[in-house]
Amino acid sequence: MTAQVNGARASTSQSGGGWRLRLSDFSDRHRSTTVIAGMALTGLLLPLVVLLPPFNGFSNQNVWLDGFTIAGIYVLLALGLNIVVGLSGLLDLGYAAFFAIGSYTFAFAASSFTGLNFPFWPMLLVGAITAAIFGILLGAPTLRLRGDYLAIVTLGFGEIVPIVILNSSKYTEGPNGIGGINPPELAGFVFPTVGNPWPFYIMMLALITICMILIYRLQDSRLGRSWMAIREDELAAAANGVNTVTTKLLAFALGASTAGLAGVFASSKLTLVSPNLFRFDVSFTVLAMVVLGGMGNIWGVAIGAFIVFLTQTVILKQLNVFFGNLGVPFLSDIDFLQYQFLLYGIALVAMMLLRPEGLFPSRRRRRELHTEEDVEFGEHGDPLGESPE
């Protein structure tokens with residue numbers, strides 16, 4: 001059996017599998033370098049790809065870059081929710097509330113509504129900390145809840161925050177929202193909110209890179225292993241010495257802090273915040289991004305968020321234009337944007353049936369959902385050359 005496995009491994013190496021193994025091993029040992037290189041390559045390729053057909057027929061480069069920047073906000077939200085749902089196994093349906101808290105924190109600190117002018121860069125940290133505090137306040141009374149009960153409580157919290165904002169017109173301008181929010185400023189250069197999307201685009205790439213590095217560090221730490229132990233079996237984790245109280249509180253806090261960070265960036269980019277930006281559909285959309293991308297896989301969640309957002313904002317709109325130009329009687333009358341959540345539902349059902357671990361699953365998550373395959377792998381190995389660990 002050993003000779004067969006070694007022979008298969010050698011055959012795999014000769015056929016090109018060896019470089020993939022070496023690349024995977026390098027990525028595991030040098031997470032930060034891999035993230036920086038991957039984000040730098042992505043940041044360089046995206047502006048070039050949109051200059052090629054058919055993408056250049058949809059919009060010009062500046063419009064695409066502005067869309068990529070907004071997509072980056074959802075990538076940050078998905079990365080934060082992945083800590084709570086993907087790593088810790090805690091279902092959070094009110095995640096948009098933390099996004100709102102971060103956005104309104106910066107709106108109060110730097111807008112014509114309050115007359116304050118706090119700088120953007122320290123407010124990134126303040127917004128993240130404020131959202132983390134609310135994450136702890138939400139997590140503390142829900143520590144004994146699991147599954148559906150936890151989902152209902154977080155859903156209630158997600159509904160309470162926008163309603164409070166909507167009905168506190170004296171402090172939040174109610175449904176009109178707070179406008180005139182100051183954009184970021186760096187060394188005397190004020191980031192333009194229209195016309196030149198490059199400053200916000202570059203800053204978003206930097207924020208995503210930093211967050212991914214920190215989350216990878218957390219995932220590989222003792223805290224990250226505790227999260228995954230709770231996700232797999234909370235009772236077994238507690239029996240083995242994991243402090244489930246503080247571990248789950250940290251998951252809520254760190255996930256919320258990422259949403260607060262995204263909220264500060266979003267309010268500075270849009271220069272406007274209103275309750276309509278933080279409805280339940282935002283929480284549902286981000287959760288769909290995490291599930292479709294691959295819960296527990298940081299890169300997979302980021303790619304899934306990017307794909308879902310582009311599908312929602314670009315592909316569905318272009319489908320309306322495409323079928324409208326064809327003049328097909330039935331299809332030309334359909335507004336695909338109105339059916340985006342129906343499409344999300346169909347995609348989620350299909351994923352649960354065909355690929356429950358997501359498009360880009362983590363290794364651990366794949367093994368959790370394919371136990372029968374793991375048993376066979378442990379007994380016989382992989383015919384392509386992988387031996388059981």
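Quick notes on the rules
- Residues numbered from 1 in each chain as written.
- Predicted model: local features only at pLDDT ≥ 70, side-chain atom pairs only at ≥ 80, totals over all residues.
- Heavy atoms only, no water.
- Phe/Tyr/Trp six-rings, centres within 6.5 Å; stacked < 30°, edge-to-face > 60°.
- Lys NZ or Arg CZ within 6 Å of the ring centre and 35° of its normal.
- Helix = DSSP H or I, 4+ residues; strand = E, 2+ residues; numbered from the N terminus.
- Expected span 1.5 Å × (residues − 1).
- Buried < 20%, exposed > 50% of the residue type's maximum accessible area, 1.4 Å probe, protein only.
- Arc of directions from axis to C-beta.
- Contact = heavy atoms within 4.5 Å.
- Axes fitted to C-alpha atoms, helices over the stretch in contact; angles between N-to-C directions.
- Parallel < 35°, antiparallel > 145°, perpendicular 65-115°, else oblique.
- Left-handed = near helix turned anticlockwise from the far one by under 90°.
- Salt bridge = Lys/Arg side-chain N within 4 Å of Asp/Glu carboxyl O.
- Nonpolar A, V, L, I, M, F, W, Y, C, P; charged D, E, K, R; others polar.
- pLDDT = per-residue confidence, 0-100.
- Core = buried A, V, L, I, M, F, W, Y, C linked by side-chain atoms within 4.5 Å.
- Patch = residues over 30% accessible without salt bridge, like charges linked within 9 Å, V, L, I, M, F, W, Y side chains within 5 Å.
- Areas by Shrake-Rupley, 256 points an atom, 1.4 Å probe, with all protein chains shown as cover.

Peer 1: What is the right way to look at the packing of aromatic side chains in this model?
Peer 2: Between two aromatic rings, the relevant description is the distance of the centres plus the angle of the planes. Enumeration over the complete set of coordinates arrives at 16 aromatic pairs. Between Phe120 and Trp121 the ring centres are 5.0 Å apart and the planes differ by 80°, which places this aromatic pair in the edge-to-face class. Relative to Phe191, the ring of Phe189 has its centre 5.8 Å away and its plane inclined at 50°; by these criteria the two rings are tilted. Above the face of the Phe200 ring, Lys269 is positioned so that its terminal group lies 5.5 Å from the ring centre.

Peer 1: Please clarify how helix α7 (residues 147–167) should be interpreted in this entry.
Peer 2: Given 3.6 residues per helical turn, the α-helix brings residues three or four places apart onto the same face. Here α7 is 21 residues long and its end C-alpha atoms lie 31 Å apart, about the 30 Å a rise of 1.5 Å per residue gives. Along α7, the residues classified as buried are Leu150, Ala151, Thr154, Phe157, Gly158, Val161, Pro162 and Ile165. The arc enclosing the buried residues of α7, seen along the axis, measures out at 120°, which places them on a common side. Exposed residues lying more than 90 degrees from the buried face of α7 are Asp148, Tyr149, Ile152, Ile160 and Asn167. Buried residues belonging to α7 abut α5 (96–109), α6 (120–139), α8 (169–172) and α12 (244–270).

Peer 1: So what exactly am I meant to see when it comes to the packing of helix α13 (residues 280–293) against helix α14 (residues 298–326) here?
Peer 2: Axes are the key here: two packed helices are described by the angle between their axes and the distance separating the axes. At their nearest, the axes of α13 and α14 sit 7 Å apart, and the two run at 125° to each other. Of the possible angle classes, the one that applies to α13 and α14 is oblique. Of the two elements, α13 crosses α14, and the hand of that crossing is right-handed. On α14, the residues touching Thr285, Met289, Val290, Leu292 and Gly293 of α13 are Gly300, Val301, Gly304, Ala305, Val308, Phe309 and Gln312.

Peer 1: I keep staring at the pattern of salt bridges and nothing clicks. Help me out?
Peer 2: Under the counting rule described, the total for this entry stands at 5 salt bridges. Between Arg231 and Glu232 there is a salt bridge, and its shortest N-O distance comes to 3.9 Å. Among the residues examined, Glu232 registers a relative accessible area of 42% and is labelled partly exposed. With a closest N to O distance of 3.6 Å, Asp281 and Arg279 form a salt bridge. A relative accessible area of 46% places Arg279 in the partly exposed class.

Peer 1: Teacher, can you tell me more about the packing of helix α4 (residues 61–87) against α13 here?
Peer 2: Running from N to C, α4 and α13 cross one another at 70°; their axes reach a closest spacing of 9 Å. Comparing the axis directions of α4 and α13 gives the class roughly perpendicular. Contacts from Tyr74, Leu77, Ala78, Leu81, Asn82 and Val85 in α4 reach Val286, Leu287, Met289 and Val290 in α13. Broken down by class, the residue content of the contact of α4 with α13 amounts to 9 nonpolar, 1 polar and no charged.

Peer 1: So what exactly am I meant to see when it comes to the confidence of the model for the protein here?
Peer 2: Atomic detail in the predicted coordinates should be set aside for any region of low pLDDT. Mean pLDDT over the protein works out to 84, with 87% of the residues at or above the 70 mark. Mean pLDDT across the secondary structure elements of the protein bottoms out at helix α17 (residues 371–380), with 52, and peaks at α5, with 95. Below a pLDDT of 50 lies the segment residues 1–15, which in the model reaches 14 contacts outside its immediate sequence neighbourhood of four places, other chains included. Confidence drops under a pLDDT of 50 for residues 383–389, and excluding neighbours within four residues, the segment shows 18 contacts in the predicted structure.

Peer 1: Honestly, the side chain of Ser268 in this entry has me stumped. Any pointers?
Peer 2: By the secondary structure assignment, Ser268 is in helix α12. Ser268 gets classed as buried once you look at its relative accessible area, which sits at 0%. Residues contacting Ser268, with those up to four places away along its chain left out, are Phe106, Phe120, Asn182, Pro183, Pro184, Thr193 and Phe200.

Peer 1: Hey, could you run me through helix α2 (residues 31–49) in this one?
Peer 2: Its 19 residues place the ends of α2 26 Å apart at the C-alpha level, agreeing with the 27 Å of an ideal helix rising 1.5 Å per residue. All of the buried residues along α2 are Ser32, Val35, Met39, Gly43, Leu46 and Pro47. Seen from one end, α2 has its buried residues packed into an arc of 85°, which puts them on one side. Among the exposed residues of α2, those pointing more than 90 degrees away from its buried face are Leu44 and Leu48. For α2, the elements touching its buried residues are α4, α9 (198–219) and α14.

Peer 1: Please clarify how the nonpolar core should be interpreted in this entry.
Peer 2: Counting residues in hydrophobic clusters, the biggest one holds 92 residues, and the most contacted among them are Ile73, Leu77 and Phe98. Counting residues per element, this core draws most heavily on α4, at 17 residues.

Peer 1: Sorry, what's going on with a nonpolar patch on the surface here?
Peer 2: Taken together, Leu41, Leu45, Leu48, Val49, Leu51, Phe55 and Phe58 make up a surface patch of nonpolar side chains, about 600 Å² in accessible area. For the nonpolar patch, the elements supplying multiple residues, two or more each, are α2 and α3 (55–58). Per element, the largest residue contribution to the nonpolar patch is 4 residues, and it comes from α2. Within the secondary structure, Phe58 sits in helix α3.

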